[in-house]
Amino acid sequence: MSQRERTVMAFDDQGREYMIDVFVSIRELSEMQHAGATRGSPAFRTHDGHDVTYLGNGEFMIMVPGEEGGVTVRTDDSEFV
């Protein structure tokens, strides 16, 4: 099960703002495996539903229709810098 955990603002070279939703998979472990929930790796999508890849050091690649190779955006959010 995936749930939205937070939203990150990022900007491209022209100053356009992109809202990136961070989704985290949460799974319940069986009683045999130390009951409780575990978190998976985060997944990213824009508010518009475009796929996002985290590149590291505060940079994301957004796959936007009509843009070959995607758009690189940057955030100053402390979790991703």
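Just so we're clear, the structure is a prediction, and the values are computed from it rather than from any experiment. (Residues numbered from 1 in each chain as written. Predicted model: local features only at pLDDT ≥ 70, side-chain atom pairs only at ≥ 80, totals over all residues. Heavy atoms only, no water.)

Student: Lay out the overall build of the protein with the relevant residues and their values.
Tutor: A count of helical and extended segments in the protein gives zero helices and six strands. Taken from N to C terminus, the helices and strands of the protein fall in the order β-β-β-β-β-β. Split into buried and exposed, the 81 residues of the protein put 27% on the buried side. The contacts in the protein between residues at least 6 apart in sequence include a share of 26% that link residues at least 24 apart. (Helix = DSSP H or I, 4+ residues; strand = E, 2+ residues; numbered from the N terminus. Buried < 20%, exposed > 50% of the residue type's maximum accessible area, 1.4 Å probe, protein only. Contact = heavy atoms within 4.5 Å.)

Student: Break down unusual backbone geometry for me, with residues and values.
Tutor: Most peptide bonds adopt trans geometry, and most residues besides glycine take a negative phi value. Positive phi, normally seen in glycine, also occurs at Asn57, with a value near 50°. Tracing the chain through its elements places Asn57 in the loop between strand 4 (51-56) and strand 5 (59-62). On the basis of relative accessibility, which here comes to 61%, the residue Asn57 falls in the exposed class.

Student: Go over the nonpolar core with me, naming the residues and quoting the values.
Tutor: Grouped together as the largest cluster of nonpolar side chains are twelve residues: Val8, Ala10, Tyr18, Ile20, Val22, Phe44, Val52, Phe60, Ile62, Val71, Val73 and Phe80. Contributing elements (two or more residues each) for this core: strand 1 (2-11), strand 2 (17-29), strand 5 and strand 6 (71-74). Sort the elements by how many residues they give to this core and strand 2 lands first, with three residues. Dropping the residues within four chain positions of it, Ile62 is found in contact with Tyr18, Ile20, Thr46, His50, Asp51, Val52, Gly70, Val71 and Val73. (Core = buried A, V, L, I, M, F, W, Y, C linked by side-chain atoms within 4.5 Å.)

Student: Residues and numbers for the confidence of the model for the protein, please.
Tutor: In low-pLDDT segments, the atomic positions of the prediction should not be examined closely. For the protein, mean pLDDT is 85; residues scoring 70 or higher make up 81% of the total. The secondary structure element of the protein with the lowest average pLDDT is strand 3 (residues 36-46), at 77, and the one with the highest is strand 5, at 97. (pLDDT = per-residue confidence, 0-100.)

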